[in-house]
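Structural overview for review
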Amino acid sequence: MEIYKLGMKIETITQIDDKSSQVIIVNSHQAMSTLAYAHISYDGDIQLNNIRYCRVEAQEEYMSGSLYIPKLLDVSNYRYKILIFINKNYIVIVDDSDFSKRILNRLQMKIFHHEESKELFLYHFFIQILNRDSELLSRYEKQIMDMEEKLLNRQLSHFQNHIMPLKKELLTLREYYDEIMDMAREFRDNENDIFEEDLLKYFGNIYDRADRLVSKTSFLLEYARQVSDAYQAQLDAKQNNNMQFLTVISTIFLPLTLITGWYGMNFENMPELESGYPYIILLSLVVIVVCIVIFKIKNII
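Not measured: the values here are computed from a predicted model. (Residues numbered from 1 in each chain as written. Predicted model: local features only at pLDDT ≥ 70, side-chain atom pairs only at ≥ 80, totals over all residues. Heavy atoms only, no water.)

Bringing the overall build of the protein into the picture now. When its secondary structure is counted, the protein shows seven helices and seven strands. Element order for the protein, N to C, with α for helix and β for strand: β-β-β-α-β-β-β-β-α-α-α-α-α-α. Burial analysis of the protein (301 residues in total) assigns 43% to the buried set. Counting only contacts in the protein whose residues sit at least 6 apart along the sequence, the fraction spanning at least 24 positions is 62%. (Helix = DSSP H or I, 4+ residues; strand = E, 2+ residues; numbered from the N terminus. Buried < 20%, exposed > 50% of the residue type's maximum accessible area, 1.4 Å probe, protein only. Contact = heavy atoms within 4.5 Å.)

Shown next, in the form of structure tokens:
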């Protein structure tokens, strides 16, 4: 069990015995006893594996929420799953991984406040969670730019295999940031007066940060869509060229097929039967030349 006293160091203890402790990190097995100590009457089950989204709900005397945080190195496949409970005196974080503890360790190294409130703590906690996301989105932007450049130079093969996973990850992140915005809005509404009114501005800052990330993610999705459209246009142009080539060949050989078909029939007194087919050969060459000239005039070839 980890206890974070606002304005003090994290301490590892086996039993809660200090009323001044404000932030408590526990695993799912310790959660119910810790919630009872913190005077949080939670009737649900502590099942972290059932978490599928970020949200927070205002209860009569506390707020409860869940966090479903994508792992930045594996956005599509792995999520950190956390439950959070807040009343006037305690913040209880239920986490079976070491993610929350690492966040708090970083907070102590970078942002140390002797007069820290629970509102300011939540602000720093969420900002720290979102701290590296701008860098992540910048990497996505560079990937899309590289794909666009290779596409223009016709150096990118298996384009769909590259762009589809990227789009999926961006959609996952946009949904995640939207949920963080909803959580910040719920905190800011403060329906059960858990937070101090003059400190609600911190939740507005969380909302603004998530909103900027949503905008950036939406921009990247649009950028990826434009690159996909450019690829599709390039593919369509290639197919059109192929169809145009086949059309030209078919047009040229249609009259030749008619001529050879005529001379392939069995009839008496066939012209040039004794001397070969010099005139027919010449006629065929004239047909080919005329067709090519017509196509050139019309800019078909």
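Glancing now at unusual backbone geometry. A positive phi angle is found at His39, which is not glycine, with a value near 60°. Here His39 is to be found in the loop between α1 (31–37) and β4 (55–58). Non-glycine residue Asn190 carries a positive phi angle of around 50°.

A complete count under the given rule lists nine salt bridges for this structure. For Lys118, the salt bridge goes to Glu119, with nearest N and O atoms at 3.8 Å. Both residues of the pair, Lys118 and Glu119, count as buried. Glu141 is paired through a salt bridge with Lys216; the nearest N and O atoms lie 2.8 Å apart. Placement of Glu141 in helix α4 (residues 133–152) and of Lys216 in helix α6 (residues 201–263) is noted, with a sequence separation of 75 residues between them. (Salt bridge = Lys/Arg side-chain N within 4 Å of Asp/Glu carboxyl O.)

The biggest cluster of nonpolar side chains holds 81 residues, and the ones touching the most others in it are Leu67 and Ile180. With 13 residues, α6 is the largest single contributor of residues to this core. Sequence-distant contacts of Ile180, defined by excluding residues within four places in its chain, comprise Cys54, Leu67, Phe126, Leu130, Ile206 and Ala210. Formed by six residues, the second largest nonpolar core is a distinct cluster that contains Leu256, Val287, Cys291 and Phe295. (Core = buried A, V, L, I, M, F, W, Y, C linked by side-chain atoms within 4.5 Å.)

Over its 20 residues, α4 extends 29 Å from the first C-alpha to the last, a length consistent with the 28 Å expected when each residue adds 1.5 Å. Of all the positions in α4, only Asp133, Leu136, Leu137, Tyr140, Ile144, Met147 and Leu151 are classed as buried. Projected down its long axis, α4 shows its buried positions confined to an angular sector of 95°, all on one face. Residues Lys142 and Leu152 are exposed on α4 and point more than 90 degrees away from its buried face. Positive backbone phi, approximately 55°, marks Arg154, located one or two places after α4. (Expected span 1.5 Å × (residues − 1). Arc of directions from axis to C-beta.)

The next thing to look at is helix α7 (residues 278–297). Since one α-helical turn is 3.6 residues long, residues separated by three or four positions face the same way. For α7, which comprises 20 residues, the first-to-last C-alpha distance of 29 Å matches the rise-based estimate of 28 Å (1.5 Å per residue) to within 8%. By the burial criterion, the buried members of α7 are Ile280, Ser284, Val287, Cys291 and Phe295. In an axial view of α7, the angular spread of the buried residues amounts to 60°, which keeps them on one side of the axis. In α7, the exposed residues that point more than 90 degrees away from the buried face are Tyr279, Leu282, Val289, Lys296 and Ile297. Of the residues trailing α7, Asn299 is marked for its positive phi of about 55°.

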